[in-house]
Every structure is written in C-alpha cells, then in structure tokens.
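# Notes for the structure review
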Amino acid sequence: MKLNIFSAVTLLVAAYTALAAPASFATVPDPHLEQRIQAAVSDFIAAEGFSGAVLVADRNGRILFEGAYGTADDLQKTPFTLDTAVDIGSNAKAYAAVAILTLAKKGKISLQDPISDHMPNVPADKSMITIHQLLTHSAGLPDEYNQSYVEVTREEMEKAILAQPLLFPPGTDYSYSDMGYALIDALVERLSGEPFKAYVRSAVLDPFGLEQTGFHTEPRWAFTGGTTAVARGYNNGREMDSPVTIPQNAWTPIGGGTLLSTVHDGLTWQSGLIEGKVLGTEWARLLFRPHVKVKEGLWYGYGWQVVQSPSRGLVYRHSGATSSHNYYSQFLADYGVYIVTASNRIDGTYDDRDHSGTIEDNEIIEETIYATKLGSILSKLIAHKGEPGS
C-alpha cells in the first residue's frame with residue numbers, strides 16, 4: 001500500500017481542527033441518548049450476552065452513559081463493575097508511543113532517527129529502519145515470532161526480532177507488527193536509562209492520573225495483593241489468557257499488551273491525549289495524524305487508528321484483545337463523544353484477522369469480540385442521531 005499521505009490533506013486538516021477545538025465543542029443534542037444507549041446495550045445482551053463495562057462521555061467529560069454487566073469471575077460469581085480491569089491488548093501501543101514521544105520532546109531522539117543510532121548490532125537490512133516506521137507499522141517487520149510468550153531478556157528479544165526477514169523494504173508499505181512496538185519499548189528503556197515499565201509509570205501513567213492502569217506485575221491488582229479487581233478471561237466459556245497466567249518477563253508481548261485498565265481510566269487517557277495533557281498539543285497531534293494509509297478510509301497514526309467513515313465521520317480509535325480479554329476506545333471527533341468498552345469474553349474462533357480488532361460495516365466474522373462489537377454498535381447509534389459540530 002502506498003504511504004503517500006498527501007491524499008489525506010483534507011483528513012489531516014480535520015484532525016488538527018478536532019484536536020484544537022475548544023472544550024465547548026460537541027455535546028450530542030439528544031435528550032434521549034441515555035435511554036437509547038441503554039436500549040441498545042439491553043438488546044445486545046439479549047442477543048449476544050455480554051460481560052463487561054461500557055462508558056460514553058462527551059468532550060467535556062460529562063458521562064452520558066455507563067454500565068457494568070455479567071461476571072468478572074465465573075467460579076466466584078464476582079460481578080463485573082466499572083472498576084474491574086481487563087488486559088487492553090494492543091491499546092497498549094498508544095502508551096508506548098507516548099513514552100517515546102516524551103523522550104523525543106526532551107531532545108533525546110528524533111523520530112526520524114534510524115534505530116541503529118540507538119541500538120547495537122542491527123543487521124544491515126534493518127539499520128535504516130526509523131523510529132517513525134516502527135510507530136506506524138511501516139518498518140517491514142513481521143507481527144510476531146514463534147516464541148512471543150517465552151520469557152526472555154530485552155537483549156534476547158532484540159536479537160530474535162532483528163533476525164527476522166523483512167516483509168518489505170522499510171518505509172514502502174504497511175504491515176501490523178507487535179515486534180515493531182516491542183522494539184519501541186526497548187528503545188524507551190535504552191534512552192531513558194530506566195526499566196521500561198518504571199519509565200512508563202513515572203512519565204506516562206502517573207502524570208495522566210491513571211490509578212487503575214498498569215502492568216500485570218504491579219502491586220495495585222487484587223491478585224498481587226492490591227485493591228483493584230481484575231477480570232478472569234474466558235473464550236467459549238473456558239478460562240483462557242487470564243492476566244495471572246501470562247509470563248511476566250516476556251519482552252515481546254509488552255509491545256502488544258500486558259497493560260490492564262478500566263473504562264474510566266480509558267476515558268481519562270484518551271481525553272487527556274486529545275487535550276494535549278503531558279505531551280502538549282503539538283506533540284499529541286502526532287499520535288492522531290494519518291501517517292500511513294492502511295486502506296481506503298483508514299490510516300495509522302502513532303498507536304492510534306485514524307478513520308474517515310461515511311457513517312461516523314472522523315474517528316480516532318484502537319482496539320485490543322488477548323484470546324479472551326478485549327477493549328475498545330474511540331473518540332468520534334465530529335460528535336465530540338468518547339466510547340470505551342471492555343469485556344472479559346470472546347466467543348467463536350479468534351484469529352485477530354488483520355490485527356485491527358475492529359468490525360467494519362457489513363464485515364462478517366466468526367468470533368464475537370464483545371467490546372469491539374458493542375462499541376461499533378454504539379458509535380453507529382450516536383453518529384446516526386447526532387449532529388456534527390453542534
């Protein structure tokens with residue numbers, strides 16, 4: 001796919017406008033919105049079943065709807081609440097992107113630097129891969145290698161990933177890659193001089209005030225002695241990929257996940273980015289810029305997808321899933337509405353398709369990724385009734 005973004009100038013202008021809009025922009029002018037969302041969620045539960053949480057808010061942070069349903073632990077019959085955390089899967093990429101941007105803002109790197117400037121023993125065919133290309137999945141690296149969840153050191157992970165054959169010359173195409181983001185994480189650790197997770201905690205999570213977000217090993221979770229409940233995960237009714245079972249020192253999955261969060265923290269996170277918190281507006285805009293075209297109407301920014309949809313307008317979104325936990329975060333820029341959905345269940349056959357985790361209009365899939373499917377239903381409901389720019 002061509003990476004020329006000049007065809008996206010109109011979208012880029014719209015993206016800048018949306019990010020620069022004042023806080024008074026957009027409250028969906030629908031006095032019955034809460035009832036309509038409740039009806040849609042009830043219909044979804046009746047038709048599909050649902051275990052998880054839903055949050056819808058306007059750009060001012062006013063909660064338009066929130067609810068939690070089902071169980072976080074089937075054996076213990078523990079209810080899923082708005083404060084129950086799940087593994088957010090590939091949504092973690094945005095956190096890695098913000099971490100590397102904080103270092104760029106400090107002048108420690110340029111996003112156009114080749115990785116060989118900051119990482120030793122990079123093979124010749126990969127020596128000119130840039131940080132920008134890692135962030136936009138345009139480096140040519142495969143998605144995963146066959147030992148993604150084996151416990152390895154950072155150096156072992158770097159060597160294994162850099163030994164993989166390239167899918168295409170760097171910067172000439174797009175292919176979603178967890179490995180690329182694992183290298184971003186490694187660069188954050190190298191450049192900051194701190195362990196990756198410690199740096200993300202001090203430079204990203206804490207400044208955003210994310211008290212219910214963190215890595216699997218942190219002591220804030222109930223299963224590690226803390227107070228924040230974490231849902232167990234189920235696929236077709238069978239417990240699978242619950243956070244307590246994932247190796248804690250496996251470097252590659254850090255690039256694709258191993259962060260836990262709640263729907264309320266998801267709102268705090270995305271709205272904070274839109275408002276330019278921590279990074280400032282100019283740096284935050286880089287996250288949502290349509291850097292690389294994936295397909296018609298879909299671009300990849302830095303850790304976020306940028307969508308121009310005939311039915312939903314301009315949307316910044318990302319979804320993520322393990323084989324059980326799933327999480328979907330969206331900002332409908334033309335309507336000024338945030339939607340965050342989380343679930344601890346996936347039913348059917350999960351193959352992650354193109355690793356977007358998203359359900360497009362008229363797309364038929366076998367598995368039900370509940371957070372993504374419900375989030376898609378709610379965004380369509382809001383877009384069909386709302387009035388952009390009000």
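Just so we're clear, the structure is a prediction, and the values are computed from it rather than from any experiment. (Residues numbered from 1 in each chain as written. Predicted model: local features only at pLDDT ≥ 70, side-chain atom pairs only at ≥ 80, totals over all residues. Heavy atoms only, no water.)

## Remarks on the nonpolar core
If you look at the biggest cluster of nonpolar residues, it comprises 105 residues, and the most contacted ones within it are Val 56, Ile 100, Trp 269 and Leu 287. Among all residues touching Trp 269, those that are not within four sequence positions of it are Ala 94, Tyr 95, Val 98, Val 204, Phe 208, Leu 210 and Trp 304. (Core = buried A, V, L, I, M, F, W, Y, C linked by side-chain atoms within 4.5 Å. Buried < 20%, exposed > 50% of the residue type's maximum accessible area, 1.4 Å probe, protein only. Contact = heavy atoms within 4.5 Å.)

## Here we look at the pattern of salt bridges
Following the criterion strictly, the structure yields 16 salt bridges and no others. For Arg 154, the salt bridge identified is with Glu 189, shortest N-O distance 2.9 Å. In this pair, Arg 154 sits in helix α5 (residues 154-162) while Glu 189 sits in helix α6 (residues 178-192), placing the two residues 35 residues apart along the sequence. Of the two residues examined, Arg 154 and Glu 189, each falls in the buried class. Arg 232 is paired through a salt bridge with Glu 239; the nearest N and O atoms lie 2.6 Å apart. Look at Glu 239 and you get partly exposed, because its relative accessible area is 36%. When salt bridges that share partners are traced, they join Arg 154, Glu 155, Glu 158, Glu 189 and Arg 190 into one network. (Salt bridge = Lys/Arg side-chain N within 4 Å of Asp/Glu carboxyl O. Helix = DSSP H or I, 4+ residues; strand = E, 2+ residues; numbered from the N terminus.)

## Remarks on the sheet that holds strand β17 (residues 368-369)
Strand-to-strand pairing in sheets goes through backbone hydrogen bonds, with the strands running parallel or antiparallel. What the four strands build is an open sheet, ordered β8-β7-β16-β17; its pairing is mixed. Of all strands in the sheet, those with a lone pairing partner are β8 (238-239) and β17, marking the two edges. The pairing of strand β7 (residues 234-235) with strand β16 (residues 345-347) spans two bridges and is parallel. Across the sheet, residue Tyr 234 finds its bridge partner in β16, namely Arg 345. (Pairing = 2+ DSSP bridges.)

## Some thoughts on the packing of α5 against α6
Where α5 meets α6, the closest approach of the two axes is 10 Å, and the angle between their N-to-C directions is 140°. Compared by their axis directions, α5 and α6 come out oblique. Here the hand of the crossing between α5 and α6 comes out left-handed. Mapping the contact onto sequence places Arg 154, Met 157, Glu 158, Ile 161 and Leu 162 in α5 and Met 179, Ala 182, Leu 183, Ala 186, Glu 189 and Arg 190 in α6. The class makeup of the residues in the contact of α5 with α6 is seven nonpolar, no polar and four charged. (Axes fitted to C-alpha atoms, helices over the stretch in contact; angles between N-to-C directions. Parallel < 35°, antiparallel > 145°, perpendicular 65-115°, else oblique. Left-handed = near helix turned anticlockwise from the far one by under 90°. Nonpolar A, V, L, I, M, F, W, Y, C, P; charged D, E, K, R; others polar.)

## Remarks on helix α7 (residues 196-205)
Of all 10 residues making up α7, seven are buried, and the element is well covered by its neighbours. Buried within α7 we find Phe 196, Tyr 199, Val 200, Arg 201, Ala 203, Val 204 and Leu 205.

## Quick look at the packing of aromatic side chains
The tally for this structure, following the rule as stated, stands at 12 aromatic pairs. Ring geometry for Phe 44 versus Phe 50: centroids 6.0 Å apart, planes at 70°, classification edge-to-face. Each member of the pair, Phe 44 as well as Phe 50, carries the same accessibility label: buried. Positioned above the aromatic ring of Tyr 181 is the side chain of Lys 93, whose terminal nitrogen or guanidinium carbon lies 5.8 Å from the ring centre. (Phe/Tyr/Trp six-rings, centres within 6.5 Å; stacked < 30°, edge-to-face > 60°. Lys NZ or Arg CZ within 6 Å of the ring centre and 35° of its normal.)

## Quick notes on the pairing of strand β12 (residues 305-309)
The element β12 is extensively covered by neighbouring structure, given that four of its five residues are classed as buried. Bridging between strand β11 (residues 298-300) and β12 involves three bridges; their strand directions are antiparallel. Bridge pairing in β12 places Trp 299 opposite Val 306. What sits between the antiparallel neighbours β11 and β12 is a turn of four residues, in which Gly 303 has the positive phi angle 80°. Sheet analysis places β12 next to strand β13 (residues 313-321), joined by five bridges and oriented antiparallel. Its bridge partner being in β13, Gln 308 is matched across the sheet by Leu 314. Counting the residues in the hairpin turn of β12 and β13 gives three residues.

## Some remarks on the sheet that holds strand β9 (residues 259-261)
The three strands are arranged β5-β9-β6 in an open sheet whose pairing can be described as antiparallel. One side of each edge strand has no neighbouring strand; the edge strands of this open sheet are β5 (86-87) and β6 (214-215). Taken together, the two bridges between β5 and β9 define a ladder with antiparallel strand orientation. Opposite Asp 87, over in β9, you have Leu 260 as the bridge partner.

## Section: the side chain of Asn 344
Tracing the backbone through its elements, the reader meets Asn 344 in the loop between β15 (337-343) and β16. Classification of Asn 344 as buried rests on a relative accessible area of 0%. A distance of 3.1 Å separates a polar atom in the side chain of Asn 344 from the backbone oxygen of Thr 71. Setting aside chain neighbours within four positions, we find Asn 344 in contact with Ser 51, Thr 71, Ala 72, Phe 80, Ala 231, Arg 232, Gly 233, Tyr 234, Ser 324, His 325 and Asn 326. (Polar contact = N/O pair within 3.5 Å; in protein donor to acceptor, adjacent residues only side chain to side chain.)

## Some details on empty space enclosed by the protein
Regions of empty space are outlined by a rolling probe, equal in size to a water molecule, passed over the atoms. Enumeration over the complete set of coordinates arrives at five cavities of 30 Å³ or more. Put simply, the largest cavity is a space of about 60 Å³. In terms of lining, the largest cavity is formed by Asn 91, Ala 94, Tyr 95, Gly 266, Trp 269, Gly 303, Trp 304, His 318, Tyr 327 and Ser 329. Looking at the lining of the largest cavity, the elements with two or more residues in it are α3 (92-105), α9 (263-274) and β14 (326-332). When grouped by side-chain class, the residues that make up the lining of the largest cavity number five nonpolar, five polar and no charged. (1 Å grid on protein atoms, 1.4 Å probe; cavity = no way out; pocket = protein on both sides within 12 Å on 5 of 7 lines; lining within 4 Å. Points joined across faces, edges and corners; volume = space filled by probe spheres on them.)

## With respect to the pairing of strand β2 (residues 63-69)
The pairing of strand β1 (residues 52-58) with β2 spans six bridges and is classified as antiparallel. Across the sheet, Ala 57 pairs through a bridge with Ile 63, a residue of β2.

## Things to note about the environment of Ser 116
Looking at the secondary structure, you find Ser 116 in the loop between α3 and α4 (131-135). Its relative accessible area of 30% is what places Ser 116 among the partly exposed residues. Taking the C-alpha atoms as reference points, Ser 116 and Thr 130, 14 residues apart in sequence, are found 8.6 Å from one another. The contacts of Ser 116, once residues within four sequence positions are left out, are Val 122 and Ser 127.

Read these as geometric descriptors, not functional statements.
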